[in-house]
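Here is what each chain is made of, one letter per residue.
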Amino acid sequence: MLDVKQKYWKDRRKYWLSMGIQSELGREENLLSLSELLQLKQKSTSIFDPVLCEVMYRWFTGEGDTIFDPFAGGSVRGIVASKTNRNYIGTDIREEQVLSNIEQSKQLCDNYIPEWICSDALDWNGGEYDFLFTCPPYYSLEVYSELETDLSTMTDEQFEKTYDAILTKHLTQLRNNRFCAIVIGDTRDDKGMYRKFTSKTIDIFEKNGCGLYNDLILLQEPATAAMRAFKYMNSSRKIAKCHQNVLVFVKGDPKLATERLKQFED
């Protein structure tokens, strides 16, 4: 269980952000379409946690490894990779996002310069890599652009078909005896039912030879959950959700995948 509310986590996040990482740049404000009141309570555009990046990289990759990210979004996953001596390649379909990320990396990265490519992940053909780490759009929870190939603009059926195709394509390029991880949060459909995004994602990885190895719970700041919980309960009996899943898979032999990594000291 990873608890972002703990002081040690917050202190580490401050350390990373003090470097000048601005992962929100290159995106519109208020992608979550929050009211003015709710914007006072929480961020209106989701920002990926640099501490989570660091944890995943240090636990499941080695220095010099190459990380591939098919849904790159903001700069944080690439910059943290650079600062921990990892190579990073990320694809994103929005040119303004890619250019913003590159500009930040010029200011913050000296070695292991992250590479962002403006491309649909389904069209891009890269070489082999050591770790897939990503956080995909959560259906249409945040709409990032009006591009037809943007998953966040698609119907549920189109989203799931394209999402499956992207992961399937790039998991074949993951080297054997390696880990891979994805951050997933489920969302509700128009009828209020959960889409089962987590279980659908597990199915995609497993059919491509990657077994589910760890399931971590990322406990998030409750933010507006307390405000939403009362309304949800009275109107629909929905429970406010304050966590995401961090799914870690292994391709090949987990023992061999572990042996190639640095051992931790007590």
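Structure first, text after, so check above.
Attention here is on the structure that accompanies the text. (Residues numbered from 1 in each chain as written. Predicted model: local features only at pLDDT ≥ 70, side-chain atom pairs only at ≥ 80, totals over all residues. Heavy atoms only, no water.)

### Let's talk about the pairing of strand β4 (residues 115-118)
Now for step 1: In this sheet, β4 lies alongside strand β3 (residues 87-92) in parallel orientation, the contact comprising four bridges. Bridge assignment links I89 to a residue of β4, and that residue is E115.
Now for step 2: A crossover connection joins β3 to the parallel β4 through helix α5 (residues 95-108); in handedness this β-α-β unit is right-handed. (Pairing = 2+ DSSP bridges. Helix = DSSP H or I, 4+ residues; strand = E, 2+ residues; numbered from the N terminus. Right-handed = clockwise from strand over helix to strand, strands pointing away.)

### Observations concerning the pattern of salt bridges
Now for step 1: Counted according to the given criterion, the structure contains 15 salt bridges.
Now for step 2: Between E160 and K200 there is a salt bridge, and its shortest N-O distance comes to 2.8 Å. With a gap of 40 residues between them, E160 in helix α6 (residues 156-171) and K200 in helix α7 (residues 197-207) connect regions that are remote in the sequence.
Now for step 3: Taking the shortest distance from any N to any O, the salt bridge between D164 and K207 comes out at 2.8 Å. In this pair, D164 sits in helix α6 while K207 sits in helix α7, placing the two residues 43 residues apart along the sequence.
Now for step 4: Residues joined in a network through salt bridges with shared partners are E128, D130, R175 and R178. (Salt bridge = Lys/Arg side-chain N within 4 Å of Asp/Glu carboxyl O.)

### A short note on α7
Now for step 1: F197, T198, T201, I202, I204 and F205 are the residues of α7 that are buried. Considered in projection along α7, the buried side chains sweep an arc of 160 degrees and stay on one side of the axis.
Now for step 2: Packing partners of the buried residues in α7 comprise β5 (131-134), α6, β6 (178-184), β7 (210-219) and β8 (243-251).
Now for step 3: Within two residues after α7, G209 carries a phi angle of roughly 80 degrees, on the positive side. (Buried < 20%, exposed > 50% of the residue type's maximum accessible area, 1.4 Å probe, protein only. Arc of directions from axis to C-beta. Contact = heavy atoms within 4.5 Å.)

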